[in-house]
Amino acid sequence: SKGITIKAEIENEDDLYERIHEAWLQGDTCGGIISCTIKGCPIGLGEPIYDKLHATLGMAMLSINAVKGFEYGEGFAAAAMKGSEHNEAKQGGILGGISNGEDINFRIAFKPIPTLGKEHEGRHDVCAVPRALPIVEAMAALTVVDLLFSNMAAKMDNLKKIVIPDGVTTIGYGAFYHCDELEEVNIPTSVTSIEGYAFDKTAFVENYPDDFVIVGD
């Protein structure tokens, strides 16, 4: 696997820098648009109702200072399309709130900075967009990682290893149910019972395949 990559770019970059220079000469400010692409996102991230992938991405992006708009796929342009034109390829990598394995594309709009150099002293930033690129990428990464953990927790068969904290004295067999890919479980010496019964390491190991490793004395 090549992993997940996230790239944010300024839309119409040359034009934006011309606008920035012009605004600077006039003691004014300007806004702009950043587009972002997430590549390598696995199928199935997101939920069909409350935690839709585009909703969580939108929440993350709109939490960035100066952001005033968010759209994914064709966004508002889809309102002017016919159903025959707005096909799966124009969904921005998200269908029904869940990633479909394609590249995820979204755009965010930044407002002009309200503090004007010609009216106020101290802060004279002309445009927030260039400095916001790593912030957009970071917020997108945090969103994807959070959903990856949620997805993994919902699919216990993805777990490879379980580490039980030292100090725990009793555990339940439910901790190992549906963990088809589980290869190792770390049980500390503090564990004395499982499901209320005295913990017998030898008997416990006999209930699992030979390649299932128990770490601990």
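One can find the structure itself at the top, above this paragraph.
Not measured: the values here are computed from a predicted model.

**Things to note about helix 1 (residues 13-25)**
So, point 1. Its 13 residues place the ends of helix 1 19 Å apart at the C-alpha level, agreeing with the 18 Å of an ideal helix rising 1.5 Å per residue.
So, point 2. By the burial criterion, the buried members of helix 1 are Leu16, Ile20 and Ala23. The buried residues of helix 1 occupy one face: seen down the axis, they fall within an arc of 70°. The exposed set on the far side of helix 1, more than 90 degrees from its buried face, consists of Asp14, Glu18 and Leu25.
So, point 3. Backbone geometry just downstream of helix 1 places Gly27 in the positive-phi region, at approximately 70°.

**As for the packing of aromatic side chains**
So, point 1. This model, assessed by the stated rule, comprises one aromatic pair.
So, point 2. Note on Phe70 and Phe106: the rings are 5.6 Å apart at their centroids and 40° apart in plane angle, and the pair reads as tilted. With a gap of 36 residues between them, Phe70 in strand 3 (residues 67-72) and Phe106 in strand 6 (residues 104-110) connect regions that are remote in the sequence. Side by side, Phe70 and Phe106 carry an identical accessibility label, which is buried.

**Overview of the side chain of Gln91**
So, point 1. Tracing the sequence through the fold places Gln91 in the loop between strand 3 and strand 4 (94-95).
So, point 2. Only 3.3 Å separates the side chain of Gln91 from the side chain of His86, close enough to count as a polar contact.
So, point 3. Aside from chain neighbours lying at most four places away, what touches Gln91 is Tyr72, Gly73 and His86.

Rules used in this analysis
Residues numbered from 1 in each chain as written. Predicted model: local features only at pLDDT ≥ 70, side-chain atom pairs only at ≥ 80, totals over all residues. Heavy atoms only, no water. Helix = DSSP H or I, 4+ residues; strand = E, 2+ residues; numbered from the N terminus. Expected span 1.5 Å × (residues − 1). Buried < 20%, exposed > 50% of the residue type's maximum accessible area, 1.4 Å probe, protein only. Arc of directions from axis to C-beta. Phe/Tyr/Trp six-rings, centres within 6.5 Å; stacked < 30°, edge-to-face > 60°. Polar contact = N/O pair within 3.5 Å; in protein donor to acceptor, adjacent residues only side chain to side chain. Contact = heavy atoms within 4.5 Å.

In short, shape yes, function no, at least from these values alone.
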